[in-house]
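These are the residues of each chain, in order.
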Amino acid sequence: MCYEIKNPPQELVQFINTGSRFIIAGHKEPDGDCVGSQLALRSALLRLGKEAIACSAGPFKRTELREYSGQFTDQILEQEDAGDPPRVVIIDCTSRDRTGDILESLEKFPCAIIDHHASVTHPQSSAEEPVYVDENSPSSTLLVYKLIKELGLELTKEEATLLFFGLCTDTGFFRYLTEKNAAVFEAAAEMVRFGANPKLTFNNIHGGKKLNSRILLGNVLSRIESYYGGKLLFSYETLEEFNAFGFESRDSDSLNQLLLSIEGVEAFVIVRQECADNCTVSLRSVDKINVSQIASSFGGGGHKNAAGLTMKGDVSIAKKNILDSFHNIFAC
C-alpha cells in the first residue's frame, strides 16, 4: 500500500480565489519546511495578482535559512488599514499558538490552516476557516505543492527550489521515507523538472558549517549515556556551551545521523540548556517508538520519529522527566 497525499479541500481553493490580500504565517523558530512552504505559496499568490506577505516571529537560527530571513516580516498591523481585510494562511503549525508573538495580530482575520503533523487535532474545516491537513504527507511543502497545482499554476524555478528545499529538510533528504512514499518521489521529480537542483539543495542544507559546530558535536557525543541495554541514548548541551558557541554551531542533522546509526539504538534524547531556567529537548526514534506522544505530554509536538519540546528547569530536571516518560516503553 502506498500513501496518497490528499488534494486540497475546495473550501481552501475558494478561500484563496475569493481573497485579494494574504498573510502567510508559520511557526516560531522556523525550519526549512516552514520557510519553503511560506515563500512558495507567497510567490504563487503574487502570480495570481494578489497581495501577499510572509510573516514569522523568527528567529531564523538555522544557517541554511539566513538567505531567506529578509523575505519575512513580523509587523502586520498595517495590514488592517486599507482595502479588504487580509486573510491568513498558517502553515506547518501544530497549533496557532506556535506562531509565537505574531498570534495576537493574526487572530482578528479569517484563517486557513495547512499542516502535516499528526500530534494535534485541528478545527473542522469550513468555508470561513478551511483546514488542509494530511499526516501522511512528510512535509507541508508537499501540501503547498498540491495547492499551487490546484490553483491552476505550474511551478516556477524559484517555487520548485523552495518546495524541494522544504521537502528535503523534513524527510532527511528522503532517508525517512519508505516503500509507501512513491507519491513523494513523484512530486520531487516534478520539482526537479521545474528547476530544483538536488546537489545545490544538499549543499545548502549540510554545507557551510563552522569548526565550532564540530567541537560542540564532539562535546555532546563525549557525554552520551546509554539506557535499557543501549536502546535509549541521552546527552546534553550545557548553558556554558550555548553561551560560547550559540545556536548556529549546532548541527542537529549530523548528530541525528550518527546516533540513529548505532547498533541497537531505538531512540535518543538531547537536552539543551538555553538559559538558566529553560531547556529545549530533541527526541528522535528509529521506527516503532512514537516520540511525538512523549513531546505532546509536555506541551511539545512533532512527528512519530522526530519531535521536540521546551521545559522549565535545568538539564537534570529535564533528564528525569524525559527518562521517566520512556520507562513504560523500555521497561516492559
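Parameters and conventions
- Residues numbered from 1 in each chain as written.
- Predicted model: local features only at pLDDT ≥ 70, side-chain atom pairs only at ≥ 80, totals over all residues.
- Heavy atoms only, no water.
- Helix = DSSP H or I, 4+ residues; strand = E, 2+ residues; numbered from the N terminus.
- Rg over C-alpha atoms; globule rule 2.2 N^0.38 Å.
- Contact = heavy atoms within 4.5 Å.
- Lys, Arg positive; Asp, Glu negative; His and termini not counted.
- Charge placed at Lys NZ, Arg CZ, Asp CG, Glu CD.
- Pairing = 2+ DSSP bridges.
- Right-handed = clockwise from strand over helix to strand, strands pointing away.
- Axes fitted to C-alpha atoms, helices over the stretch in contact; angles between N-to-C directions.
- Buried < 20%, exposed > 50% of the residue type's maximum accessible area, 1.4 Å probe, protein only.
- Core = buried A, V, L, I, M, F, W, Y, C linked by side-chain atoms within 4.5 Å.

## Some points on the overall build of the protein chain
Summing up its helical and strand segments, the protein chain has 12 helices and 12 strands in all. Taken over the C-alpha trace, the protein chain has a radius of gyration of 20 Å; the compact-globule value for 332 residues is 20 Å, and the two agree within 12%. Seen through its C-alpha atoms, the protein chain measures out along the principal axes to roughly 60 × 45 × 40 Å. Sequence-distant contacts in the protein chain: of pairs separated by 6 or more residues, those separated by 24 or more amount to 66%. Averaging the positions of the 33 positive and the 45 negative side-chain charges in the protein chain gives two centres separated by 4 Å.

## A word on the pairing of strand β2 (residues 51-55)
Bridge analysis of strand β1 (residues 21-25) against β2 gives 5 bridges, and the strand direction is parallel. Its bridge partner being in β2, arginine 21 is matched across the sheet by glutamate 51. As for the winding sense of the linkage, the β-α-β connection from β1 through helix α2 (residues 32-47) to β2 is right-handed. Direction of pairing for β2 relative to strand β3 (residues 72-73): parallel, over a ladder of 2 bridges. Looking across to β3, one finds that alanine 54 is bridged to phenylalanine 72.

## Section: the sheet that holds β2
Strand order across the open sheet formed by 6 strands is β3-β2-β1-β4-β5-β6, with parallel pairing between neighbours. Strands at the two margins of the open sheet, each flanked by one partner only, are β3 and β6 (131-133). Across 4 bridges, strand β4 (residues 87-91) lies against strand β5 (residues 111-115) in parallel orientation. Bridge assignment links valine 88 to a residue of β5, and that residue is cysteine 111. The strands that α2 touches are β1, β2, β3, β4 and β5; relative to β2, the one it contacts most, it runs at about 170 degrees.

## Description of the pairing of β5
By the criterion of burial, β5 is predominantly enclosed, with 5 of the 5 residues buried. Of the two faces of β5, the one carrying Cys111, Ile113 and Asp115 and the one carrying Ala112 and Ile114 are both buried. Both β5 and β6 contribute to a ladder of 3 bridges, which runs parallel. Directly across from isoleucine 114, in β6, lies its bridge partner tyrosine 132.

## Here's the deal with the nonpolar core
Formed by 48 residues in total, the largest nonpolar core has its most connected members in Leu41, Val89, Ile114 and Met191. Per-element tally for this core: the top contributor is helix α5 (residues 157-170), with 7 residues. Ranked by size, the runner-up nonpolar core spans 21 residues in total, among them Cys279, Val281, Leu309 and Met311.

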